[in-house]
Amino acid sequence: MSAEVETWSNGVFGRGGELAGDDDEDLMNDGEVNGNWTPQEKALHEARLKAKAKRRLRKSSSRNSTSDSLSESGELVPGGGDSPKGKANANDRKSRTGKGRGLPKKGGAGGKGVWGAAGMVYEDEEPDARDPNYDEVAQGDTVYATVVPELDEKELEKTVNPIVQEYFEHGDTKEVQALLKGLNLGAHRFEFSSMALVLSLEGKASHRELTSRLLSDLSGKMMTQVDMARAFDKLLKELPELILDTPDAPKMMGQFLARAIADHVLPMTFLERYKGKVDCVHARVALDRAAVLLSMKREMVRLDNVWGVGGGLRPVKHLVKEMTLLLKEYLASGDVLEAEHCLKDLEVPHFHHELVYEAIVMVLESTGDQAIHMMMKLLQSFWKTGLITVDQMNRGFQRVYDELTEICLDVPHAHSILETFVDLCYQESVITKHLRDTCRKRFVSEGDGGAVKN
């Protein structure tokens with residue numbers, strides 16, 4: 001039996017264990033036809049088929065590095081196995097199938113860093129600043145924009161309050177507009193108008209006049225009617241808190257509303273939106289006040305005199321008339337606090353000497369001692385509260401001394417009355433001793449009976 005297997009093996013395999021040629025293959029095919037294969041012959045036949053497939057693959061491949069190999073199961077495995085040559089040319093762009101003319105794939109249009117296929121048209125690309133070859137100078141003119149962060153509520157209050165306070169001093173609306181352009185108010189833009197209104201409520205009548213002018217100048221440029229309406233809506237809701245610091249806040253707010261509607265800062269339908277929808281008593285007072293002013297001034301384009309005229313802008317004759325009326329009302333009522341309030345509203349501290357002058361002249365022209373004591377009481381109150389300074393008091397008395405000769409033409413006993421009034425004011429510490437002595441020396445120097453002696 002061993003002799004037969006050895007003879008069969010030598011007949012099938014050649015030298016070095018290689019398979020036999022095609023003649024042996026024909027012999028095996030004849031055995032298959034007869035159907036009398038042994039298991040050994042069948043295994044040998046499968047081995048020969050695998051070897052034949054390898055030979056065909058080597059013949060058809062153009063390079064050993066791209067040839068396919070067979071696994072132990074007989075399947076084709078691409079890549080050429082462990083060929084060092086295949087690893088070295090793994091990134092070659094030429095076809096590895098052995099087919100074609102050896103040119104680059106996709107006509108040179110595939111992969112990264114290629115020029116693309118012939119005839120391809122590329123669009124203009126924006127230069128990338130992260131590109132190592134990016135040249136900033138070669139890109140032309142570069143425009144740098146300043147980014148201003150949006151202000152929050154706390155920063156807004158710290159920034160707006162100084163701007164409004166300075167505006168009350170200089171009154172230049174253009175400067176305020178320039179400052180606002182440098183700020184990013186964002187969604188809090190309407191807060192500027194509401195803060196300006198609150199500060200003016202706590203200030204003087206001239207401040208409220210300046211605020212109305214500011215709102216008129218900002219409307220349509222920096223603020224819209226919607227922004228202004230939001231500011232007034234906020235203040236109407238906060239009136240219960242505002243009256244704690246400013247008891248007249250509802251009345252003032254009504255005047256602000258009327259002036260804003262007349263100046264077209266607010267829409268004409270602003271008041272109509274609140275009809276029958278307001279529960280706050282203070283808000284209703286403000287809205288009613290605005291409605292009354294608008295009905296009275298319907299034919300006027302602007303309610304310019306709603307806050308009066310600022311002290312420094314009023315003519316002298318008007319101020320003299322206001323002070324004379326103030327003194328006459330005081331002599332009729334005797335209310336010192338009301339007189340102080342009216343004098344403060346005039347906002348002319350540099351012109352208070354006129355009040356002193358007019359008060360003394362009224363004393364000289366009056367009959368009886370009641371006017372003397374009432375005027376002394378009024379000047380004493382102004383002196384103690386600091387409403388009238390020493391300089392203004394001295395200037396008022398000095399003006400009477402200088403014009404006493406002319407006053408005596410209308411009031412013959414003006415010298416005696418003035419001396420009595422001066423002594424009373426000195427006793428109540430309204431004037432200084434120097435001022436009293438100046439008055440007495442002036443009487444003695446007249447020489448026409450002006451010196452009055454007891």
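That block above? That's the structure.
Bear in mind the structure is a predicted one, so any value in this text is a computation, not a measurement. (Residues numbered from 1 in each chain as written. Predicted model: local features only at pLDDT ≥ 70, side-chain atom pairs only at ≥ 80, totals over all residues. Heavy atoms only, no water.)

Chemist: Can you explain unusual backbone geometry? Please cite residues and give values.
Modeler: Here the phi dihedral of His264 falls at roughly 65 degrees; this positive angle occurs in a residue that is not glycine. Along the chain, the position of His264 falls in the loop between α11 (249–262) and α12 (281–296). With relative accessibility at 52%, the residue His264 sits in the exposed group. For Ser429, which is not a glycine, the phi torsion comes out positive at approximately 60 degrees. (Helix = DSSP H or I, 4+ residues; strand = E, 2+ residues; numbered from the N terminus. Buried < 20%, exposed > 50% of the residue type's maximum accessible area, 1.4 Å probe, protein only.)

Chemist: So what about the nonpolar core? Which residues, and what values?
Modeler: Grouped together as the largest cluster of nonpolar side chains are 50 residues, with contacts concentrated most on Phe192, Phe232, Leu236, Met253, Leu266 and Phe270. If you tally residues by element for this core, the top one is α11, at 8 residues. Contact partners of Met253, with chain neighbours within four places excluded, come to Leu201, Phe232, Leu235, Leu236, Leu239 and Ala286. Ranked by size, the runner-up nonpolar core spans 47 residues in total, among them Leu326, Val356, Phe397 and Leu404. (Core = buried A, V, L, I, M, F, W, Y, C linked by side-chain atoms within 4.5 Å. Contact = heavy atoms within 4.5 Å.)

Chemist: Help me get a handle on the packing of helix α13 (residues 316–333) against helix α14 (residues 336–346), residues and values and all.
Modeler: As a packed pair, α13 and α14 sit with axes 10 Å apart at the nearest point and diverge in direction by 170 degrees. Of the possible angle classes, the one that applies to α13 and α14 is roughly antiparallel. In this structure, α13 uses Glu322, Met323, Leu326 and Tyr330 to contact α14, whose residues at the interface are Val336, Ala339, Cys342, Leu343 and Leu346. Of the residues that constitute the contact of α13 with α14, the class distribution is 8 nonpolar, no polar and 1 charged. (Axes fitted to C-alpha atoms, helices over the stretch in contact; angles between N-to-C directions. Parallel < 35°, antiparallel > 145°, perpendicular 65-115°, else oblique. Nonpolar A, V, L, I, M, F, W, Y, C, P; charged D, E, K, R; others polar.)

Chemist: So what about the environment of Glu428? Which residues, and what values?
Modeler: Looking at where Glu428 falls in the secondary structure, it is placed in the loop between α19 (414–427) and α20 (433–444). Its relative accessible area of 31% is what places Glu428 among the partly exposed residues. For the pair formed by Glu428 and Lys377, sequence separation is 51 residues and the distance between their alpha carbons is 8.8 Å. Discounting chain neighbours no more than four positions away, the residues touching Glu428 are Met376 and Gln380.

Chemist: Lay out the packing of aromatic side chains with the relevant residues and their values.
Modeler: Scanning the model with the defined rule gives 4 aromatic pairs in all. Among the aromatic side chains, those forming a connected cluster through ring pairs are Phe232, Phe270 and Tyr274. Cation over ring: Arg399 sits above Tyr357, and NZ or CZ is 4.2 Å from the ring centre. In this structure, Arg436 is placed above the aromatic ring of Tyr426, and the distance from its NZ or CZ to the ring centre is 4.4 Å. (Phe/Tyr/Trp six-rings, centres within 6.5 Å; stacked < 30°, edge-to-face > 60°. Lys NZ or Arg CZ within 6 Å of the ring centre and 35° of its normal.)

Chemist: Pulling in residues and values, what's your account of α19?
Modeler: Between the first and last C-alpha of α19 there are 20 Å, a value that for 14 residues agrees with the 20 Å anticipated at 1.5 Å per step. Where burial is concerned, most of α19 is hidden: 10 out of the 14 residues are buried. Phi for Ser429, located one or two positions after α19, is positive at around 60 degrees. (Expected span 1.5 Å × (residues − 1).)

Chemist: Please set out the pattern of salt bridges residue by residue, giving values where relevant.
Modeler: Inspection of the entire model under this criterion finds 8 salt bridges. One salt bridge connects Arg189 with Asp227, and the closest N-O pair in it is separated by 3.0 Å. In this pair, Arg189 is assigned in the loop between α6 (173–181) and α7 (190–201) and Asp227 in helix α9 (residues 225–237), connecting sequence segments 38 residues apart. Across the pair Lys234 and Glu191 runs a salt bridge whose closest N-O atoms are separated by 2.5 Å. Of the two residues, Lys234 sits in helix α9 while Glu191 sits in helix α7, which places them 43 residues apart along the sequence. Classification of Lys234 as partly exposed rests on a relative accessible area of 26%. Since its relative accessible area comes to 10%, Glu191 is described here as buried. Linked by salt bridges that have partners in common, Glu209, Arg213, Arg259 and Asp263 make up one network. (Salt bridge = Lys/Arg side-chain N within 4 Å of Asp/Glu carboxyl O.)

Chemist: Kindly report on the packing of helix α17 (residues 390–402) against α19, identifying the contributing residues and their values.
Modeler: Packed helices, taken two at a time, are described by the angle between their axes plus the distance between the axes. Packing of α17 against α19 leaves a shortest axis separation of 13 Å and a crossing angle of 160 degrees. With respect to each other, α17 and α19 are oriented roughly antiparallel. Pair α17 / α19 crosses with left-handed handedness. Facing Phe397, Val400 and Tyr401 of α17, the residues of α19 in contact are Leu418, Phe421, Val422 and Cys425. Counted by class, the contact of α17 with α19 contains 7 nonpolar, no polar and no charged residues. (Left-handed = near helix turned anticlockwise from the far one by under 90°.)

Chemist: So what's going on with a negative patch on the surface? Which residues, and what values?
Modeler: Negative charge collects at one region of the surface, where Glu123, Asp124, Glu125 and Glu126 lie side by side. Along the chain, Glu123 falls in the loop between α4 (84–88) and α5 (153–170). Owing to a relative accessible area of 72%, Glu123 belongs among the exposed residues under this scheme. (Patch = residues over 30% accessible without salt bridge, like charges linked within 9 Å, V, L, I, M, F, W, Y side chains within 5 Å. Areas by Shrake-Rupley, 256 points an atom, 1.4 Å probe, with all protein chains shown as cover. Lys, Arg positive; Asp, Glu negative; His and termini not counted. Charge placed at Lys NZ, Arg CZ, Asp CG, Glu CD.)

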